[in-house]
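This is what each chain is made of:
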Amino acid sequence: MTWRVSLNFVRLFIGLFLCAASAHSLAKCYLEDSADPHSSTMMLQSGDQRLRLICNIDAQHILYFPRNYINYNQLYDSEMRKVQRLPSAFEAYAIDSSNDRLYLDINAQVERSVTLKVTPLSDFQKYVSVHTLTMSLFIGFCLALTLYVGMLGNSMQNYGFYSYSFYVFSAGVFFLLQEGLLNIAFPQVALLANFQLHLLFAGVTVFAGVKFLDQLLDFKALLKGWQRQFMLGMACAALAFSVVQLILPVSDAMKINSMLSLITLITMTCTLSACVYAAYRKVHCANLVMLGIAVMVFTMLFRLVFVDVSAFMYRYALIVGITIEAFIFAIATSRKVKKLDDDRLSAFKRASTDSLCKVLNRSGWEGVAQSLLNNFNKEGGYLTLLFIDIDKFKEINDQYGHHAGDKVLQVIAKILMSRCREQDAVGRLGGDEFVVLSHCYSEGQAERLAARIEESLAERDIRTENVVINATASVGAYITKERCKDLSSLLTKADELMYSVKEKHKSAQCTANP
């Protein structure tokens, strides 16, 4: 008997606890004139209106609703006294048990439905804190990514970075306005909740996203001309409509909004199809783009299918999806730009490299040498120009054949590359003439480089397939610390020094063989 009494007491205690815990959920405000007597959803008309509310609360609560597309609102009690408004991302008012009847004056920009929510102050503070933190992190992420990628684009002069920055920035501004974060700092600025301003950034985001994917996946090469032009035309139409509606009345902007929704749907369908086709054709970074789109689709399911799984994801699924997608697209953009830079570098190397000796050809060497010369003129130091000519190279070709001559050229080029630093410019001007330009920071360093190369080329046995050839080279070394912008005058001076050395070699050979 005793245990039954105890069990009933426990049940009673649990029941009272649950009633107390659920008391807050019973608190609600209803629309007095609504067709549904227990409805808390307001069907707003454009313009001024007054809504009569009947509230059922037993302690201090917060009545709040989103500010979007509302020019003005004020809550009054039954005696028409203003109710205290709280600063937050939402329109929020503090009410208590004495406020059983309230009046809400609203001036709405467009027709729309708004749901009134009533919650205890502590729960409201938690909700606002989570909302503010989530949106602040998202906006901070978008801003940091926009600036970082934009600076990379500026340093590399690549428009792929700019289009990505534009896309992330416009998406960040759209959600910044949509989620009311600026209302905290600027509660009296009605422009921040303006329907037409939100519509503008919606159109800009669509346009920026399509332009970004067009450059990232190279739709110009992937799609037929009319397909790409149709998709870009839809994106431009979205941008144009979103800009034009700014100067129109709100009623006309609402009509444009319907058109913009249709255009956006067509544009995104075309873009998604193009992305799938790019992944099928194994276009570079297409798989990453598809991953980003898949993340967006998955997070949107929390708003459409998995509604009861997570209250946080239901509220912020789109924000989370955009954040992850932006990060994935940033990786895709960096990889794409790196590939383009690698391709340009490879093309430059192919165009500027001597095919036989694998050193810079004349045009390639002149470009690198001019850059070294400009750096020398800015920073000072010593400039070392070596002009190298192989002795009796014509006799080597005549006696052993051009194949043996080519082998001699290749060995000389390898010697020069091995004796020079990576930042030195080593090139072949043509025939048997080589040049080396080096920017040194001391005279001793410049002299050691010249001596190292002269010693290596003084006499060298070069083994070919059939014969060993004894080859020498004359090196003209010109070292200066005087500023000079004319590369040709430096070559002339080094060439003159080289011919002086060659004449000494000829004189020495004549003396040795009278």
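Residues numbered from 1 in each chain as written. Predicted model: local features only at pLDDT ≥ 70, side-chain atom pairs only at ≥ 80, totals over all residues. Heavy atoms only, no water.

(A) Layout of the sheet that holds strand S7 (residues 91-95). The sheet built from four strands is open, its strands ordered S6-S7-S4-S10 with antiparallel pairing. Across the chains shown, the open sheet's two edge strands, defined by having one partner strand only, are strand S6 (85-86) and strand S10 (117-120). Taken together, the two bridges between S6 and S7 define a ladder with antiparallel strand orientation. Bridged to Arg85 within S7 is Tyr93. (Pairing = 2+ DSSP bridges. Helix = DSSP H or I, 4+ residues; strand = E, 2+ residues; numbered from the N terminus.)

(B) Looking closely at the packing of helix H5 (residues 195-216) against helix H7 (residues 225-244). Between H5 and H7, the least distance of the axes is 7 Å, while the angle of their chain directions is 160°. Relative to H7, the element H5 lies roughly antiparallel. Judged by the twist between their axes, the crossing of H5 over H7 is left-handed. Across from Leu199, Leu200, Gly203, Val204, Val206, Phe207, Val210, Lys211 and Asp214 in H5, the residues of H7 making contact are Arg228, Met231, Leu232, Ala235, Cys236, Ala238, Leu239, Ser242 and Val243. The class makeup of the residues in the contact of H5 with H7 is 13 nonpolar, two polar and three charged. (Axes fitted to C-alpha atoms, helices over the stretch in contact; angles between N-to-C directions. Parallel < 35°, antiparallel > 145°, perpendicular 65-115°, else oblique. Left-handed = near helix turned anticlockwise from the far one by under 90°. Contact = heavy atoms within 4.5 Å. Nonpolar A, V, L, I, M, F, W, Y, C, P; charged D, E, K, R; others polar.)

(C) View of the packing of aromatic side chains. In this structure the tally under the stated criterion is 12 aromatic pairs. Consider the rings of Phe138 and Phe175, whose centres lie 5.7 Å apart with planes at 90°: the pair is edge-to-face. Taken together, the residues span a long stretch of sequence, with Phe138 in helix H3 (residues 121-156) and Phe175 in helix H4 (residues 159-178) at a distance of 37 residues. For the pair formed by Phe138 and Phe175, the shared burial category is buried. Ring-pair connections join several aromatic residues into one group, and the members of that group are Tyr64, Phe90, Phe124 and Tyr127. Arg483 extends its terminal NZ or CZ atom over the ring of Phe376, reaching a point 5.8 Å from the ring centre. (Phe/Tyr/Trp six-rings, centres within 6.5 Å; stacked < 30°, edge-to-face > 60°. Buried < 20%, exposed > 50% of the residue type's maximum accessible area, 1.4 Å probe, protein only. Lys NZ or Arg CZ within 6 Å of the ring centre and 35° of its normal.)

(D) Looking closely at the packing of helix H9 (residues 286-304) against helix H10 (residues 311-352). Close contact between H9 and H10 brings their axes to 8 Å; oriented N to C, the two are set at 175°. Regarding the angle of H9 to H10, the classification is roughly antiparallel. Of the residues contributing to the contact of H9 with H10, the split by class is 17 nonpolar, three polar and four charged.

(E) Fine view of the nonpolar core. In this structure, Phe138, Tyr164, Leu213, Leu217, Phe219 and Val289 are the most contacted members of the largest nonpolar core, which totals 46 residues. Elements with a contribution of two residues or more to this core: H3, H4, H5, helix H6 (219-222), H7, helix H8 (250-280), H9 and H10. At nine residues, H10 tops the list of elements feeding residues into this core. When residues no more than four places from it in sequence are discounted, the contact partners of Phe219 are Leu213, Asp214, Arg228, Met231, Ala274 and Cys275. In terms of nonpolar packing, the next biggest core, distinct from the first, is built from 27 residues, Leu386, Ala404, Phe434 and Ile453 among them. (Core = buried A, V, L, I, M, F, W, Y, C linked by side-chain atoms within 4.5 Å.)

(F) Spotlight on the side chain of Thr205. With respect to the helices and strands, Thr205 occurs in helix H5. In terms of polar contacts, Thr205 uses its side chain to reach the backbone carbonyl oxygen of Ser170, at 3.3 Å. Residues in contact with Thr205, not counting those within four places in the same chain, are Tyr167, Ser170, Ala171 and Phe174. (Polar contact = N/O pair within 3.5 Å; in protein donor to acceptor, adjacent residues only side chain to side chain.)

(G) Structural context of the pattern of salt bridges. One pass over the structure, following the stated rule, counts 12 salt bridges. Note that Asp354 is salt-bridged to Arg428, the shortest N-O span being 3.2 Å. Pair noted here: Asp354 is in the loop between H10 and helix H11 (362-379) and Arg428 is in strand S12 (residues 425-430), with a separation of 74 residues, a long-range link. The burial state of Asp354 is the same as that of Arg428; both residues are buried. Its salt-bridge partner being Arg362, residue Glu366 comes within 3.5 Å of it at the nearest N-O pair. You can see Glu366 and its partner Arg362 sitting in helix H11, four residues apart, about one turn around the helix. Owing to a relative accessible area of 39%, Arg362 belongs among the partly exposed residues under this scheme. Residues joined in a network through salt bridges with shared partners are Arg67, Arg85 and Glu91. (Salt bridge = Lys/Arg side-chain N within 4 Å of Asp/Glu carboxyl O.)

(H) Summary view of the environment of Asp461. Turning to its location among the elements, Asp461 is positioned in strand S14 (residues 460-463). In the structure, Asp461 is positioned 53 residues away from Val408 in sequence and 9.5 Å away in space, judged by C-alpha atoms. With residues near it in sequence (within four places) discarded, Asp461 still touches Val468, Ile469 and Asn470. A polar contact of 2.9 Å, which involves the side chain of Asp461, links it to the side chain of Asn470.

(I) Local environment of the sheet that holds strand S3 (residues 47-56). The four strands are arranged S1-S3-S8-S5 in an open sheet whose pairing can be described as antiparallel. Edge positions in the open sheet fall to strand S1 (28-31) and strand S5 (70-76), since each of these has one partner strand only. Put simply, the sheet's adjacent strands are angled 30° from each other on average, direction ignored. Relative to strand S8 (residues 101-108), S3 is paired through eight bridges, and the arrangement is antiparallel. Bridging from a neighbouring strand, Leu53 pairs with Leu102 of S8.

(J) Local environment of a nonpolar patch on the surface. Residues Phe298, Met300, Leu304, Val305, Phe306, Val309 and Leu318 make up a contiguous nonpolar surface patch of roughly 660 Å² in combined accessible area. Among the elements that make up the nonpolar patch, the one with the highest residue count is H9 (three residues). If you trace the backbone, Phe306 turns up in the loop between H9 and H10. (Patch = residues over 30% accessible without salt bridge, like charges linked within 9 Å, V, L, I, M, F, W, Y side chains within 5 Å. Areas by Shrake-Rupley, 256 points an atom, 1.4 Å probe, with all protein chains shown as cover.)

(K) Inspection of the state of the cysteines at higher detail. Scanning all chains against the criterion turns up one disulfide. In this model Cys29 forms its disulfide with Cys55; the gap between the sulfur atoms is 2.1 Å. Across the disulfide from Cys29 to Cys55, rotation about the S-S bond amounts to roughly 110°, and the bridge is consequently right-handed. With Cys29 in strand S1 and Cys55 in strand S3, this residue pair connects regions lying 26 residues apart in the sequence. Accessibility classification places Cys29 together with Cys55 in one group, the buried group. The thiol sulfur of Cys142 is not disulfide-bonded, and the nearest other cysteine sulfur, from Cys275, lies at 19 Å. No disulfide involves Cys484; its sulfur sits 16 Å from that of Cys440, the nearest cysteine. (Disulfide = S-S within 2.5 Å.)

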